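Read off the chains here:
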Amino acid sequence: MQAAFDLAEAGIKVCLVERTLSVGGRMAQLDKTFPTNDCAICILAPKMMDCYRHENIEVLTFSEVIAIEGEIGTFKVKISKKPRFVDEAKCNGCGDCARVCPMGILNKFDMDLRVRSGAYVPFMQAVPLIYALDRAKCMRCGLCESVCGQDAIRYNQKEEIVEREVSAIIVAIGFDPFDPSGLTEYGYGKYDNVITALEFERLICAAGPTGGHVIRKDGREVKRIAWIQCVGARDTRDNRPYCSSVCCMYATKEAILTKEHYPEAETSILYTDLRCFGKGFQEYVNRAEDDYGVEYIRGKPGEIIEKENKNLEIFYSPSSDKVETLEVDMVVLSTALIPCGGVEKFAEILGTELDGYKFFKLKDPYNPTETTRAGIFVAGYCQAPRDIPECIAHGSAAASRAMEVVLGGSFL
Amino acid sequence: MTEALRIGVFICHCGTNIGGVVDVPAVAEYASTLKNVVHAECNLYTCSSDGLESIKSAILEYELNRVVVASCTPRTHEPLFRATCEEAGLNSYLFEFVNIRDQCSWVHMHEPELATEKAKDLVRMGVAKAALLEPLEELSSEVIPSAVVIGAGISGMTAALSIAKNGFYVHVIEKEREMGGLLRRLYKLYPTEELADLFLEQRIKAVAGHERVELHLAASIKAITGYVGQFKVVLDENGAEKSIDCGVIIVATGAKELDPEGLYEYDGERVITQLQLEEKLRRDDLNLDGLENVVMIQCAGARGEVVGYCSKICCMNAVKNAKLIKDANPDINVFIAHNELQAYGEEYELYYRAAKKAGVRFLRFPLETRPKVRKRDGKQVVDVFHDRMQMNIPLDADLVVLSVPLVQNPDAERLSKLLKVPLGQDRFFFEAHVKLRPVDFATDGIFLCGTAQGPKDIEESISQGYAAASRATIPLAKGYVLSAAITSWVDEAKCVGCGICESVCPYGAIEVVDTEEGRRARVTGVKCKGCGTCGSSCIKKAVTMHHFTDEQLIAQERAAFATEEVVS
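S.K.: Any chance you could explain the overall build of chain B here in plain terms?
M.R.: Check the secondary structure of chain B and you find 15 helices and 28 strands. Taking 24 Å as the expected radius of gyration for a compact globule of 568 residues, we find that chain B reaches 31 Å, considerably beyond that expectation. Along the longest, intermediate and shortest principal axes, the C-alpha atoms of chain B span 95 × 60 × 45 Å. When burial is assessed residue by residue, chain B has 58% of its 568 residues classed as buried. Across chain B, contacts joining residues at least 24 apart in sequence account for 69% of those joining residues at least 6 apart. Put simply, chain B shows about 23800 Å² of open surface, and 50% of that area lies on carbon and sulfur atoms. Averaged over its 63 positive side-chain charges, chain B has a centre that lies 4 Å from the centre of its 80 negative ones.

S.K.: Just checking my understanding: could you explain the packing of helix H5 (residues 112-130) of chain B against helix H15 (residues 550-561) of chain B for this structure?
M.R.: Two numbers describe a pair of packed helices, the interaxial angle and the distance between the axes. All names here are of chain B. Put simply, H5 and H15 touch, their axes get as near as 8 Å, and they point 150° apart. With respect to their mutual orientation, H5 and H15 come out roughly antiparallel. You can see that H5 and H15 cross each other, and the crossing is right-handed. Contact with H5, carried on its side by Arg124, Met125, Ala128 and Lys129, involves Gln552, Ala555, Gln556, Ala559 and Ala560 of H15 and no other residues of that element.

S.K.: I'm lost on the sheet that holds strand E10 (residues 230-237) of chain B in this one. Help?
M.R.: Within a sheet, neighbouring strands are paired by backbone hydrogen bonds and run either parallel or antiparallel to one another. Residue and element names in this part refer to chain B. With antiparallel pairing, the three strands of this open sheet are ordered in space as E9-E10-E11. Edge positions in the sheet fall to strand E9 (219-227) and strand E11 (240-246), since each of these pairs with one other strand and no more. Going across the sheet, the axis of each strand differs from the next one's by a mean of 20°, ignoring polarity. Inspection of the sheet shows E9 paired to E10 by eight bridges, in the antiparallel sense. Bridged to Ile224 within E10 is Val233.

S.K.: I keep staring at unusual backbone geometry and nothing clicks. Help me out?
M.R.: Residues other than glycine predominantly adopt negative phi, and peptide bonds predominantly adopt the trans conformation. Residue and element names in this part refer to chain A. Across the junction of Val127 and Pro128, the peptide omega takes the value 0°, indicating a cis bond. The topology assignment puts Pro128 in the loop between strand E9 (119-120) and strand E10 (132-133). Look at Phe85: it is not a glycine, yet its phi comes out positive at around 65°.

S.K.: What am I meant to see in the pairing of strand E21 (residues 399-402) of chain B here?
M.R.: Along any regular strand, the residues point their side chains to alternate faces of the sheet. Residues and elements named next belong to chain B. Neither face of E21 is open: one carries Leu399 and Val401, the other Val400 and Leu402, and all of them are buried. Pairing geometry for strand E14 (residues 271-273) and E21, over three bridges, is parallel. Bridge assignment links Thr273 to a residue of E21, and that residue is Leu402. Strand direction decides the pairing type here: strand E15 (residues 293-297) and E21, joined by four bridges, are parallel. Residue Val294 lies in a different strand from E21, and its bridge partner there is Leu399.

S.K.: Any chance you could explain a nonpolar patch on the surface here in plain terms?
M.R.: All names here are of chain B. A surface patch of nonpolar side chains, amounting to about 240 Å² of accessible area, comprises Ile500, Val504 and Ile539. Assignment of secondary structure puts Val504 in helix H13 (residues 500-504). By relative accessible area, Val504 is classed as partly exposed at 33%.

S.K.: Sorry if this is basic, but what is going on with the interface of chain A and chain B here?
M.R.: How big an interface is tends to be reported as the loss of accessible area on association of its parts. With 72 residues of chain A in contact, the opposing surface of chain B contributes 68 residues. Both faces combined, the contact of chain A with chain B buries some 5900 Å², and carbon together with sulfur accounts for 53% of it. Counting the surface chain A buries against chain B, the share from its top three residues, Phe277, Lys279 and Tyr366 of chain A, is 15%. The interface formed by chain A and chain B contains eleven salt bridges. For Glu349 of chain B, the salt bridge goes to Arg275 of chain A, with nearest N and O atoms at 2.8 Å. Only helix H1 (2-9), helix H2 (40-53), helix H7 (281-290) and helix H9 (388-406) of chain A provide two or more residues apiece to the side of chain A that touches chain B. When residues in the side of chain A that touches chain B are grouped by element, the largest group, 13 residues, is from H9 of chain A. Taken together, the residues that form the side of chain A that touches chain B break down as 34 nonpolar, 20 polar and 18 charged.

S.K.: Any chance you could explain the state of the cysteines here in plain terms?
M.R.: What we call a disulfide is simply a covalent bond connecting the sulfur atoms of a pair of cysteines. Under the definition given, this model contains one disulfide over all chains. Note that Cys39 of chain A is cross-linked by a disulfide to Cys42 of chain A, the S-S spacing being 2.3 Å. Measuring handedness by torsion sign, the sulfur bridge of Cys39 of chain A and Cys42 of chain A sits at about 70° and is right-handed. On the basis of relative accessible area, Cys39 of chain A is assigned to the partly exposed category, the value being 23%. Between Cys144 of chain A, a cysteine without a disulfide, and Cys141 of chain A, which holds the nearest cysteine sulfur, the sulfur-to-sulfur distance is 6.2 Å. The thiol sulfur of Cys528 of chain B is not disulfide-bonded, and the nearest other cysteine sulfur, from Cys534 of chain B, lies at 6.1 Å. Overall, the relative accessible area of 9% leaves Cys528 of chain B in the buried class.

S.K.: Explain helix H12 (residues 458-478) of chain B here, please?
M.R.: Turn by turn, an α-helix covers 3.6 residues, leaving residues three or four places apart pointing in a common direction. All names here are of chain B. In this model, H12 (21 residues) spans 31 Å end to end at C-alpha, consistent with the 30 Å of a helix rising 1.5 Å per residue. The buried count for H12 comes to 18 of 21 residues, which makes it a mostly enclosed element. N-cap assignment for H12: the residue whose side-chain oxygen lies 3.2 Å from the backbone N of Glu459 is Asp457. Following H12 by one or two positions, Gly479 adopts a phi angle in the positive range, close to 85°.

S.K.: Looking at this model, I keep getting lost on empty space enclosed by the protein. Mind explaining?
M.R.: Gaps left between atoms show up when a probe the size of a water molecule is rolled over them. Residue and element names in this part refer to chain A. Summed over all chains, the structure comprises eight cavities of 30 Å³ or more. Considered as a void within the structure, the largest cavity measures approximately 120 Å³ in volume. Forming the boundary of the largest cavity are 15 residues, of which Cys101, Gly118, Leu133, Cys138 and Cys144 lie nearest the centre. Taken together, the residues of the lining of the largest cavity sort by class into ten nonpolar, two polar and three charged.

S.K.: What am I meant to see in the packing of helix H1 (residues 24-31) of chain B against H5 of chain B here?
M.R.: Residue and element names in this part refer to chain B. Relative orientation of the contacting elements H1 and H5 amounts to 35°, with a least axis distance of 10 Å. When you trace H1 past H5, the crossing you get is right-handed. Mapping the contact onto sequence places Ala26, Val27, Tyr30 and Ala31 in H1 and Thr116, Ala119, Lys120, Val123 and Arg124 in H5. Of the residues contributing to the contact of H1 with H5, the split by class is six nonpolar, one polar and two charged.

S.K.: Any chance you could explain the side chain of His39 of chain B here in plain terms?
M.R.: All names here are of chain B. With respect to the helices and strands, His39 occurs in strand E2 (residues 37-43). What makes His39 buried here is its relative accessible area of 11%. Side chain to side chain, His39 and Glu41 meet in a polar contact 2.8 Å long. If near-sequence neighbours (up to four positions away) are discounted, His39 is found in contact with Ile7, Gly8, Val9, Phe10, Ala58, Tyr62 and Leu64.

Reading the values: rules and limits
Residues numbered from 1 in each chain as written. Chains lettered and ligands numbered in written order. Predicted model: local features only at pLDDT ≥ 70, side-chain atom pairs only at ≥ 80, totals over all residues. Heavy atoms only, no water. Helix = DSSP H or I, 4+ residues; strand = E, 2+ residues; numbered from the N terminus. Rg over C-alpha atoms; globule rule 2.2 N^0.38 Å. Buried < 20%, exposed > 50% of the residue type's maximum accessible area, 1.4 Å probe, protein only. Contact = heavy atoms within 4.5 Å. Areas by Shrake-Rupley, 256 points an atom, 1.4 Å probe, with all protein chains shown as cover. Lys, Arg positive; Asp, Glu negative; His and termini not counted. Charge placed at Lys NZ, Arg CZ, Asp CG, Glu CD. Axes fitted to C-alpha atoms, helices over the stretch in contact; angles between N-to-C directions. Parallel < 35°, antiparallel > 145°, perpendicular 65-115°, else oblique. Left-handed = near helix turned anticlockwise from the far one by under 90°. Pairing = 2+ DSSP bridges. Patch = residues over 30% accessible without salt bridge, like charges linked within 9 Å, V, L, I, M, F, W, Y side chains within 5 Å. Salt bridge = Lys/Arg side-chain N within 4 Å of Asp/Glu carboxyl O. Buried area = accessible area lost by both parts, 1.4 Å probe. Nonpolar A, V, L, I, M, F, W, Y, C, P; charged D, E, K, R; others polar. Disulfide = S-S within 2.5 Å. Expected span 1.5 Å × (residues − 1). Polar contact = N/O pair within 3.5 Å; in protein donor to acceptor, adjacent residues only side chain to side chain. 1 Å grid on protein atoms, 1.4 Å probe; cavity = no way out; pocket = protein on both sides within 12 Å on 5 of 7 lines; lining within 4 Å. Points joined across faces, edges and corners; volume = space filled by probe spheres on them.

Structure follows, in C-alpha cells:
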C-alpha cells in the first residue's frame, strides 16, 4: 500500500492487485504494534482508505496476477478477478446477506477461532467493504439473494480476466506464518493450550473472537503464559536457518499486553538470543522487564508435556549442566514468518529468481528493491525478514525505483 | 451571513455497529426538530455510495448550506464526506462531523437508552456549531522543482541519485571535502566482504556524474528559512556564501562512533574501537603475524552503559572483522564477548554461522557482569564471565577491540533547530511516526534517512535513502502543495508580540515580526497544521483558529447544556 500510495501521490497511475478480499495485509490481524503499542487496525485503516479512495489507484481485490508479457516500460499484466458472486458496484456492505446466511465457516482472518457466515467480509474494517459468497460451501438456499436490498447477489458471476499495461511492477506479497504442527516437541495441534502468536493476537484483540479475553479451550482465563522463541526459525532441520527478525519484539509486546489485561498473570519468554535491535526496542524490553515484570529466560525448550489439567510442563536447559521445568497454563509459540505458499509459482509468472529460502532474490545485495528482472521491484517481507517501519521504508524505496522508470524514463 | 441557514443531518446506522445500540431513527427524528435543520435522515451506511448519493441529492433538493453527518470517526471518514459536499457544490468546510460510534455505541454498548440520549446531545452540539461554520479555501502554492540533500554518506547519495533519476535537480551538501561518509573509514562490507572503497567509488561516480546533481563539498549550513515548496538554504561553501532555493529537504547527516575514552582501559593502541580496527585493516598496518589473541567486546558503552539503546550493527560488524582476521591468519585466536548476538534476518544468521566455522569463538556474558580489561606487566587480560558456565574466563588479549555504538553527531542539535525538526530521547532525529512514517518529519517537505534516524546497516540505509527520495519526489512531481484550510489567524490589533505562540508552535508556522505597529505574530498558512496550540496559549485572545473559532466552540458548548434555545 505504501508503494502504491507514494506513486499515486506523485501522479502515477497504479493498479493495486490483492489476492484476498481486502487490502491491509497481515498487519490488520495484529492487535497492537511494538514498540509504541499503537492499535494496529486504527493506524492501518486510514491508510487502507487513502489507497482505496485515491484517484490514481485502481484497487483489484480477490484478484491474482496470472501472466506477464513484455519488458520494463511496456509490461502487459494479465489479472484474474475471482468471482465474489456479488456485484461490486451495487453492494453497499450492509451485511444483510451475512445475517441471513445459515452457514457457519471458520474465519481464516481470525485464525479459525471464530465462525463467519457464508456471505462475508474477512473483518469489519475490510476495504473495500464488499461482501463475497463462499460458493464452495454454499447450500444454495437463496436467502441472501432474497434479502439483498441492492439486488447485488450474482450466483452466476464468472472469473474475469483483465489486462493492464504498466511500466514497472512492484511485488509486495508478504509472508505466511510458519505452521508448527510438524515440530512434535511443542505439541501444537495435539495439546489444547499450545497456540501460535498470530492466534494469540486474535485472542487479545478487543474486536477478536473472544472480545480480548485470553481464554483456554476449557474456558478458563490464563494465569501463567510462556512464549517460546525461534519456533521454525534459526532451525536447520527444515532449511530455515534464518532469523525472522520480529519475533522477540512481538513476544515482548504480547507479554506486555497480557500484563495490561491481567496484571496478576505470570509471563515468561524463553529465548535463545534476544534480538531487540531496532529504534526504541531495547527501551521497550527494559520496560517489559522492569515495569511490567515480564520474565526473560534464556533456554530453548527440549520438550513440552501436557498434564492432566491441560496445563503444560516445559523442559528447558538454562545452563550446560541443568534441566529445569516451568509449568504454565498456556504456551504461545513465537512462530517464524516464512515466504508465502505458492511463491515459486508466482516467481515463475514474474520471471524472477528466488533465493535458497524462497525469498525474492536481489540482483545486487546493496540494491534492496531490485529483483533479477529489470522493471520488477520488490518490497517488504517477501524479500527478507523486516518489521513494519522497515517494510514501509522498503515500500517507499521500491516506489522511488518505479518513479525512476515512469517519471525519469530511466531503464537502468 | 445574509443567507438563511439550511442544515441537513445524516445519521448512520453503520450496519449494527451504531444501529445495534443507538436508536438511530429516534436521533434523526430529534435532529429534525432542531433549529435551522430542514432535513434529517438515517442511512444504513452513510459512507456507502448509496449514502453519499443521498447527501448529494439532499443538498440539491433541500438547498442545504450546511451538512452534519453523525457516524463514525473523522479520522477515517471526514475527507470522504467533505469531498461529497464539494461534489454537490457546497464548500467542504460547511460540513460538521459528529462521532456517535466511538462516543456512543461503543463506549455505552450496555446502556442503549443513555447512548441514544448522548447521541442526541452530540448531534445538537454539532448542529449548533454547523450554524456558525464559514467556507474556507485550501490555497495552492508552487513547489520549486529541486531538492537539497544534507549529507553525502551512503543514504544521502542514494536519495540524491534517485531524485535526480526521477527528473529533478538535487543539491548535495557535505561538510567534508569528499563524499562517502562513515563508509570511507571501512575496510570491507558485510555480508558480501566486498571492499568498501570499490563499492563507494562506483556510487560516488554515479552521483557526481549525474547531470542533475550539484555538489557542495566542504560546506556548512548557515540558515534555513521557508516552508514546503519554498525553502531557502544559505551555505558557507569554502568560505563563500551561497543561497539555494529548493522545494524539499532531506536530512542524511549520519552518525558517529561513541567516544570510547574511559571505557575498558581504552588507549587507542592496544585497546581500540572497531572503526580503528577497520582503518588498520584497510591500511594493512595491523601486524597479523605478531598477533596471537584478539578479544572483541560487544555493547561497549551501549545498552545501559553510556547510551541506553542497542546500536544494531555492532554484532555483525564484529563478526565480519573477526572473520576477516581469521581468514587472513587462522592461527590468531579471535574471541567475541557478547551478550545477545544480533544476527537478525536472513543473510546475517548465515554469516554468523560462517564466522563460527572459520573459528571465531563466541562467549556470552550477562549484561550485569560485563567484561573487564586488566593490564599487567605489559600483558592484557580480558575477564569474561561466561553466562552458561557461570564462571570467569580470563582471556589473554594482545588486542582488545571495543564495539561501541553509533551516536548522533554533535552538530545535529544545531541542524534540528535550523530546520525546526525534533531529536528523540536517544538524540537521533525523530520521525513523524515510529511505525508508519519512518522517513518523514512531522513538518511537510522535510524528510530523513540513514543513521541520522538511528543505527542501521548499509542495506537499510540505502533502503531508507530510496524511501526518502520517493517521499520527497511527491511534492516535486505534483508541482504544487495545498495548504490546509484549517489554520490559525492573528488579529494584529490585539497581538502584543509576546512570542509565546512562536515558542509553542511545533511546526515553526508562527513568527513574531516587526511591523509598523510594533512586534506582531504572523502565520505562514502553508506551514500551519491547525493544531490550535498557538490559539490556546495566546494571552490576548488574538489568535483565531479557523473552523474552531471561539464562537463556534462556545455555541457547541452552550448547546450541550441549554436544550431549549436550539430547538425550533
